[in-house]
Amino acid sequence: MQKMTNSSLSERLHSLFERRILASEELYDCLVIEVAAPDVFDIIQELKSESQLSFNFLTLIGGVHYPESTGQELCVVYHMHSWKHALRLRIKTYLSAENPRIQSITPLFDCANWMERETYDFFGIQFDNHPNLTRILNMDEMDYFPMLKQHPLEDATREDKDDRFFGR
Amino acid sequence: MNPNDNLIHLSNGQVLAKENIDGEIATINFGPTHPATHGIFQNILTVDGEKILNSVQTVGYIHRAFEKLAERRPYNQITPITDRLNYCSSPINNLGWHMTVEKLLNAEIPKRVDYMRVIVMELARIADHLICDSIIGVDTGALTSFFYPFSEREKIYELYEEMCGARLTTNIGRIGGFDKDFSPVFHTKLKEFLKTFPLAFEEWNGMLERNRIFMDRTKGAGSISADRALAYGFTGPNLRAAGIDYDVRVMHPYSSYSDFDFIIPVGVNGDTYDRFMVRQEEIRQSLRIIEQAYNNLPEGAFHGDVPEFYLPDKKDVYNNMEALIYHFKIIMGESAVPVGEIYHSVEGGNGELGYYLISDGGRSPYRLQFRRPCFIYYQAYPEMITGSNISDAVITLSSINVIAGELDA
């Protein structure tokens, strides 16, 4: 069997998904593709079932917040892994801060359950059709999503620590 | 026996009181602070007699916001955070993080550093597995099996101490390599360990491995099929016990792991006994790797040329302007970092420990996410224990080695 490389994977993905791939680049040793949020579920399903690719393992789901990019403030990152080719693939999709909704991939991977709950817990991203989208690590009474950049790590009212003296 | 049948006394034929499942449902709090959880997390079990019908998990009791903290710390100050993930094998977490940053910097690391790292990481894996397997012994009622390996684990901790001064939260090594070479005492102690450990290990192993009581107790308890384990994102010894030979050290070799000859043990049934056996064999293989790495330890520097992150010698700081500047930059967290994003993973004690790092060129990561293997596979726990007894739930929990620090980040 011919082992795939990032470039042959990229070609294959472009022929499979064509215009559904909005952008793709190779960052360090990993291929990264950007897709629209409504396409994520189908693309991951195809990646998983397509026998030549067989991205059989979901490594990680996480969120990133980019407050400056208006309309695309929140990013959901899916790390897929094909054990057949020992290749990783990162799938990114951008959501707006007003309505961060995306389809849950729990029907495809059971492990997505807690990863999506964690992403919701910290970034407020809503996963539709998730069986139990509640907070997981933070307390239930919390009324904000702590990993968003507008929430500073330290108490803003403190006066005894001046960031200028700490190189920040 | 049909649970609805009456029990008949064999000698006199009298009907005995029914003591089988009675249909009365009770709720039991298994945790947060329960001796058998070995950490702070809660399972609310719904039981019918001894049989578990359902389990609801609550995690996050020791959540310490590591990912948020990391967004405000310079890269070298993140190492102590990683200590507190899986604190049974902190050196793996530390060195995994250093390798992640080195990958971002495209730093060239000498072969000697790789081999030194392999030795330290495999020692950590042995320490991690020793704890997990001895705790399975405790939870099946064999307390002696807890004390035997702990005298051996102590020797590993002495080796850590010799390298970095700490034992549990090690903060071992630096970005770029190690702060110092193996000391003469370390060499002596490591040689002594390599000589005495195999015997001590087999002595302890003999208490459990073919022990009829232990086998009857653990075989079939908390089993999971390969398919389900894969769907639940299992990695590490738990996945291998289910029969899948995925190991990051082999699939994506880091730190020169491809130089060494070792076997990836796999189980068949994915039950508690298989998890125990896989870990025991991994200890033997780790020992083999350490021997190979130590006997072929290359000559050379114990750190790479990474001036932006690796502190210069103190005497240079006093005598050399450039060294003083770098020293100041590192201490103040002003090192230049390229813009980029990477995912790097190492084979931790519990499976694939990953670091997803996004750098915007600032002094601290823009985003750092840890792939914590415990957090991902612990969701399978209700499925693994539903239908079994409470006592099986206890040994299943200890055999999947859920470490609260890694679970809650």
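How each quantity is defined
Every chain begins its residue count from 1, and numbering advances along the sequence as written. Ligands are numbered from 1 and chains lettered from A, in the order in which they are written. Only residues with pLDDT of at least 70 get local features here, since the model is predicted, and only at 80 or more are side-chain atom pairs given and counted; chain-wide, interface and lining totals rely on the full set of residues. Hydrogens and water are ignored here; the side-chain numbers use all heavy atoms of the structure. Think of it in three bands: with a 1.4 Å probe and only protein chains considered, a residue is buried below 20% of the maximum accessible area for its type, exposed above 50%, and partly exposed in between. In plain words, nonpolar cores are sets of buried Ala, Val, Leu, Ile, Met, Phe, Trp, Tyr and Cys residues tied together by side-chain atoms within 4.5 Å. Helix and strand assignments follow DSSP, with helices taken as H or I runs no shorter than four residues and strands as E runs no shorter than two, numbered in order from the N terminus. Bear in mind that the domain bounds are from an automatic or database domain assignment. Any two residues whose heavy atoms approach within 4.5 Å at even a single point are treated as in contact. Note on terminology: disulfide denotes any pair of cysteine sulfur atoms within 2.5 Å. Lines fitted to the C-alpha atoms define the axes, with helices restricted to the stretch that makes contact. Angles between their N-to-C directions range from 0 to 180 degrees. Centre distance within 6.5 Å is the pairing criterion for rings of Phe, Tyr and Trp, where only the six-membered ring of Trp is used; planes under 30 degrees apart are then read as stacked, over 60 as edge-to-face, and the remainder as tilted. Placement of a positive charge over a ring is assigned whenever Lys NZ or Arg CZ falls within 6 Å of the ring centre and within 35 degrees of the normal to the ring plane. Once two parts are joined, some of their accessible surface, as seen by a 1.4 Å probe, is lost; buried area is that loss totalled over both. Any carboxyl oxygen of Asp or Glu that lies within 4 Å of a side-chain nitrogen of Lys or Arg is treated as forming a salt bridge with it. Throughout this description, a polar contact denotes any pair of N or O atoms lying within 3.5 Å of each other; where both atoms belong to protein, one of them has to be capable of donating a hydrogen while the other can accept it, and for residues adjacent in sequence the pair is counted only when both atoms sit in side chains. Neither His nor the chain ends is counted toward charge; the positive residues are Lys and Arg and the negative residues Asp and Glu. By the convention used here, strands pair only if DSSP detects at least 2 bridges between them. As a per-residue measure, pLDDT reflects the predictor's confidence and takes values from 0 up to 100. For this scheme, ten residues count as nonpolar: Ala, Val, Leu, Ile, Met, Phe, Trp, Tyr, Cys and Pro. Four count as charged, namely Asp, Glu, Lys and Arg, and the remainder, Gly too, count as polar.

Attention now goes to unusual backbone geometry. Even without a glycine there, the phi angle at Ser 54 of chain A is positive, about 40 degrees. Even without being a glycine, Asn 401 of chain B presents a positive backbone phi close to 55 degrees. Look at Asn 401 of chain B and you get buried, because its relative accessible area is 7%.

With 152 residues, the main nonpolar core has Leu 13, Tyr 78, Leu 89 and Ile 105 of chain A together with Tyr 378 of chain B as its most contacted residues. The element that contributes the greatest number of residues to this core is helix H4 (residues 111-139) of chain B, accounting for 15 residues. Here this core spans two domains, since at least three of its residues come from each of domain 1 (25-58) and domain 2 (66-106 + 109-304 + 338-408) of chain B. Contact partners of Leu 13 of chain A, with chain neighbours within four places excluded, come to Glu 18, Ile 21, Leu 31, Ile 33, Leu 47, Leu 53 and Leu 89 of chain A. Counting 8 residues, the second largest nonpolar core, distinct from the first, contains Leu 60, Val 64 and Val 77 of chain A together with Tyr 356 of chain B.

Below, the discussion takes up the state of the cysteines. Scanning all chains against the criterion turns up 0 disulfides over all chains. Unpaired in terms of disulfides, Cys 111 of chain A finds its nearest cysteine sulfur in Cys 374 of chain B, a separation of 15 Å. Cys 111 of chain A sits in the buried class, given a relative accessible area of 0%. No disulfide involves Cys 132 of chain B; its nearest neighbouring cysteine sulfur is the one of Cys 88 of chain B, lying 8.7 Å away.

Moving on, we come to the packing of helix H3 (residues 90-105) of chain B against H4 of chain B. As a packed pair, H3 of chain B and H4 of chain B sit with axes 8 Å apart at the nearest point and diverge in direction by 145 degrees. Here Pro 91, Ile 92, Leu 95, His 98, Met 99 and Glu 102 of chain B of H3 of chain B come into contact with H4 of chain B, specifically with Arg 117, Val 120, Met 121, Ala 124 and Arg 125 of chain B.

Residue and element names in this part refer to chain B. For helix H16 (residues 390-399), the tally of buried residues reaches 8 of 10 residues, placing the bulk of the element in the interior. The set of residues buried in H16 consists of Asp 392, Ala 393, Val 394, Ile 395, Thr 396, Leu 397, Ser 398 and Ser 399. At the C-terminal side of H16, Asn 401 shows a positive phi close to 55 degrees.

Here we take up the packing of aromatic side chains. Using the criterion set out here, one finds 28 aromatic pairs over all chains in the structure. Aromatic side chains Tyr 257 of chain B and Phe 260 of chain B sit 6.4 Å apart centroid to centroid with 80 degrees between the ring planes, which places their arrangement in the edge-to-face category. Its relative accessible area of 1% is what places Tyr 257 of chain B among the buried residues. What links up through ring pairs into an aromatic cluster is the set Trp 114 of chain A together with Phe 41, Phe 375, Tyr 378 and Tyr 381 of chain B. Above the ring of Tyr 257 of chain B, the side-chain terminus of Arg 249 of chain B is found at 5.9 Å from the ring centroid. Above the face of the Phe 375 of chain B ring, Arg 372 of chain B is positioned so that its terminal group lies 4.6 Å from the ring centre.

All names here are of chain B. Under the domain assignment used here, chain B contains domain 1 (25-58) and domain 2 (66-106 + 109-304 + 338-408). For domain 1 and domain 2, the distance between their C-alpha centroids amounts to 27 Å. Carbon and sulfur atoms supply 64% of the area buried between domain 1 and domain 2, which totals about 1,500 Å² over both sides. Where domain 1 touches domain 2, the interface holds 0 salt bridges. At the junction of domain 1 with domain 2, the criterion picks out 6 residue pairs in polar contact (both at pLDDT 80 or more).

This part covers the side chain of Glu 73 of chain A. Residue and element names in this part refer to chain A. Turning to its location among the elements, Glu 73 is positioned in the loop between strand E3 (57-65) and strand E4 (74-82). Despite its burial, Glu 73 pairs with no opposite charge; the closest candidate is Arg 101, at 15 Å N-O. Among the polar contacts listed, one links the side chain of Glu 73 to the backbone nitrogen of Gly 71, at a separation of 3.3 Å. Once residues within four sequence positions are removed from consideration, Glu 73 is found in contact with Val 64, His 65, Tyr 66, Pro 67, Leu 95, Ser 96, Ala 97 and Glu 98.

To continue, consider the sheet that holds E4 of chain A. Backbone-to-backbone hydrogen bonds pair the strands of a sheet. The strands run either parallel or antiparallel. All names here are of chain A. Pairing is mixed across the open sheet formed by 5 strands, whose spatial order is E1-E2-E5-E4-E3. For this open sheet the edge positions go to strand E1 (21-27) and E3, each flanked by a neighbour on one side alone. Neighbour-to-neighbour, the strand axes of the sheet open up by a mean angle of 20 degrees, direction not taken into account. Where strand E2 (residues 30-35) lies against strand E5 (residues 87-95), 4 bridges are found, and the strand directions are parallel.

Evaluation of the coordinates by the stated rule reveals 38 salt bridges over all chains. Note that Arg 12 of chain A is salt-bridged to Glu 50 of chain A, the shortest N-O span being 2.4 Å. Separated by 38 residues along the polypeptide, Arg 12 of chain A in helix H1 (residues 6-17) and Glu 50 of chain A in the loop between helix H2 (40-49) and E3 bring together distant segments of the chain. Residue Glu 281 of chain B is joined to Arg 284 of chain B by a salt bridge in which the shortest nitrogen-to-oxygen separation is 2.7 Å. Residue Glu 281 of chain B and its partner Arg 284 of chain B are located together in helix H11 (residues 272-295), separated by 3 residues, close to a single helical turn. Here Glu 281 of chain B falls in the partly exposed class, since its relative accessible area comes to 25%. A relative accessible area of 22% places Arg 284 of chain B in the partly exposed class. One salt-bridge network, held together by shared partners, links Glu 122, Arg 125, Arg 240, Asp 247, Arg 249, Glu 282 and Glu 347 of chain B.

Moving on, we come to the confidence of the model for chain B. For residues with low pLDDT, the predicted coordinates do not support detailed interpretation. Summarising the model, chain B shows a mean pLDDT of 88, and 94% of its residues fall at 70 or more. Reported confidence for the predicted complex is 0.90 by ipTM and 0.90 by pTM.

Attention now moves to the sheet that holds strand E6 (residues 367-371) of chain B. All names here are of chain B. Read from one edge of the open sheet, 3 strands run E4-E5-E6, paired in antiparallel fashion. In this open sheet, the two strands that pair with only one neighbour each are strand E4 (340-347) and E6. On average, each strand axis in the sheet is tilted by 10 degrees relative to the strand beside it, whichever way the strands run. Bridge count for E4 against strand E5 (residues 352-359) is 8 bridges, and the pairing is antiparallel. Across the sheet, the residue bridging to Ile 342 is Leu 357, located in E5. Lying on the sheet, H3 is in contact with E4, E5 and E6; it crosses E4 at an angle near 150 degrees.

Tallying the contact residues gives 47 residues for chain A and 48 residues for chain B. Where chain A abuts chain B, roughly 4,100 Å² becomes buried across the two surfaces, and 58% of that area is made up of carbon and sulfur atoms. There are 7 salt bridges connecting chain A and chain B. A salt bridge links Lys 92 of chain A to Glu 341 of chain B, with the nearest nitrogen and oxygen atoms 2.5 Å apart. Those elements giving two or more residues to the side of chain A that touches chain B turn out to be E3, E4, E5 and helix H3 (112-123) of chain A. Residues belonging to the side of chain A that touches chain B are distributed by class as follows: 26 nonpolar, 11 polar and 10 charged.

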